[in-house]
Amino acid sequence: MSIDLPFVTKVFAALFAIMNPIANVPVFLSLTEGASDTVRHRVAVTAALGTAIGCLVSIVGGQAVLDAFGLSVDDFRLAGGLIVLTISLSMLQGSAGRAHGGSPEEKEDPVDPESVAIYPLTIPLLVGPGTIATLIVFGHTARAQAKWLELALGVGAFLTVLTVALLSAPWLGRHLSETATAITRRLMGMILAAVAMEMIVTSLRTLFPGLSH
């Protein structure tokens, strides 16, 4: 049985770009500022587990949600592409965007380091609207083209990198400069913009068959 490596790479790259573990290291450190290494480790593990569950729910339950609202995957792919494009444009401008970064009011709220693992770290920083939309589209592709193994490999590889990044956040924080973080955010923004455009173009070609000629 052959494995579609380009699809595996696409899934990994899309998730890495939209959740961007490197750019989120400073965010993780700021949310857990003053916490002990034990607490930070617990927060990292909880956030990684919560992200894995969020990814699984989005992939498995996404189609059911669309069916419940009478939506086709192409309708959702177009809307999701626009959301992802908006996030990518924010990243290219050097910010995370409110959809994944939270509003200024939410950022100003005092938080207990042990309570940030699910909110706001997992939701909406990691598993936000863009992540959910992307995973639902990938889930549909895997179902239609029998690429469940490739999807699992791509998601699993990313979750492994994310877990390592969160657990290594204190060490990474000492070695990552603001310039490196800014460059990474903009590079991931470019990749994410390409993913968004593919989603938009694919949905438009399906919804308007004349565009493909």
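Thresholds applied
- Residues numbered from 1 in each chain as written.
- Predicted model: local features only at pLDDT ≥ 70, side-chain atom pairs only at ≥ 80, totals over all residues.
- Heavy atoms only, no water.
- Core = buried A, V, L, I, M, F, W, Y, C linked by side-chain atoms within 4.5 Å.
- Buried < 20%, exposed > 50% of the residue type's maximum accessible area, 1.4 Å probe, protein only.
- Helix = DSSP H or I, 4+ residues; strand = E, 2+ residues; numbered from the N terminus.
- Contact = heavy atoms within 4.5 Å.
- Phe/Tyr/Trp six-rings, centres within 6.5 Å; stacked < 30°, edge-to-face > 60°.
- Lys NZ or Arg CZ within 6 Å of the ring centre and 35° of its normal.
- Salt bridge = Lys/Arg side-chain N within 4 Å of Asp/Glu carboxyl O.

J.: With reference to specific residues and values, describe the nonpolar core.
T.: Ranked by internal contacts, the top residues of the largest apolar core, which has 44 residues, are Phe28, Leu151 and Val155. At 8 residues, the largest contribution of residues to this core is made by helix H1 (residues 5-19). Not counting the four nearest positions on each side in its chain, Leu151 is found in contact with Phe7, Val11, Ile59, Phe138, Gly139 and Ala142.

J.: Could you give an account of the packing of aromatic side chains, with specific residues and numbers?
T.: Tallying each qualifying case throughout the model produces 4 aromatic pairs. Centroid distance Phe16 to Phe158: 6.4 Å. Interplanar angle 85°. Geometry classified as edge-to-face. Here the residue Phe16 occupies a position in helix H1, and Phe158 occupies one in helix H9 (residues 148-167), the gap between them amounting to 142 residues. The cationic tip of Lys147 hangs over the ring face of Phe7; the distance from NZ or CZ to the ring centre is 5.1 Å.

J.: Can you break down unusual backbone geometry residue by residue, with the values?
T.: At the junction of Tyr119 and Pro120, the peptide bond is cis and its omega measures out at 10° in the coordinates. As for its placement among the helices and strands, Pro120 is situated in helix H7 (residues 117-126). Cis geometry marks the peptide bond from Ile123 to Pro124, where omega comes out at 10°. One can find Pro124 in helix H7. Of note in this structure, Asn20 is not a glycine but carries a positive phi near 40°. Take Asn20: it is sitting in the loop between H1 and helix H2 (21-31). The buried category is assigned to Asn20, whose relative accessible area is 3%. For Ala146, which is not glycine, the phi torsion reads 55° and is therefore positive. Residue position: Ala146 is located in the loop between helix H8 (129-145) and H9.

J.: Quick one: what's the story with H7, residue by residue and with numbers?
T.: Most of H7 is tucked away, with 7 of its 10 residues classed as buried. Every buried residue of H7 is accounted for by Ala117, Pro120, Leu121, Thr122, Pro124, Leu125 and Leu126.

J.: For the pattern of salt bridges, give the residues involved together with the corresponding values.
T.: Close approach of charged atoms allows side chains of opposite charge to pair. The final tally for this structure, using the stated rule, is 3 salt bridges. Between Lys147 and Asp4 there is a salt bridge; the shortest N-O distance is 2.6 Å. One end of the pair, Lys147, is in the loop between H8 and H9; the other, Asp4, is in the segment before H1, and 143 residues separate them in sequence. Measuring nitrogen to oxygen at the nearest pair gives 3.0 Å for the salt bridge that ties Glu198 to Lys10. Linking Glu198 in helix H11 (residues 178-207) with Lys10 in helix H1, this pair joins segments that are 188 residues apart in sequence.

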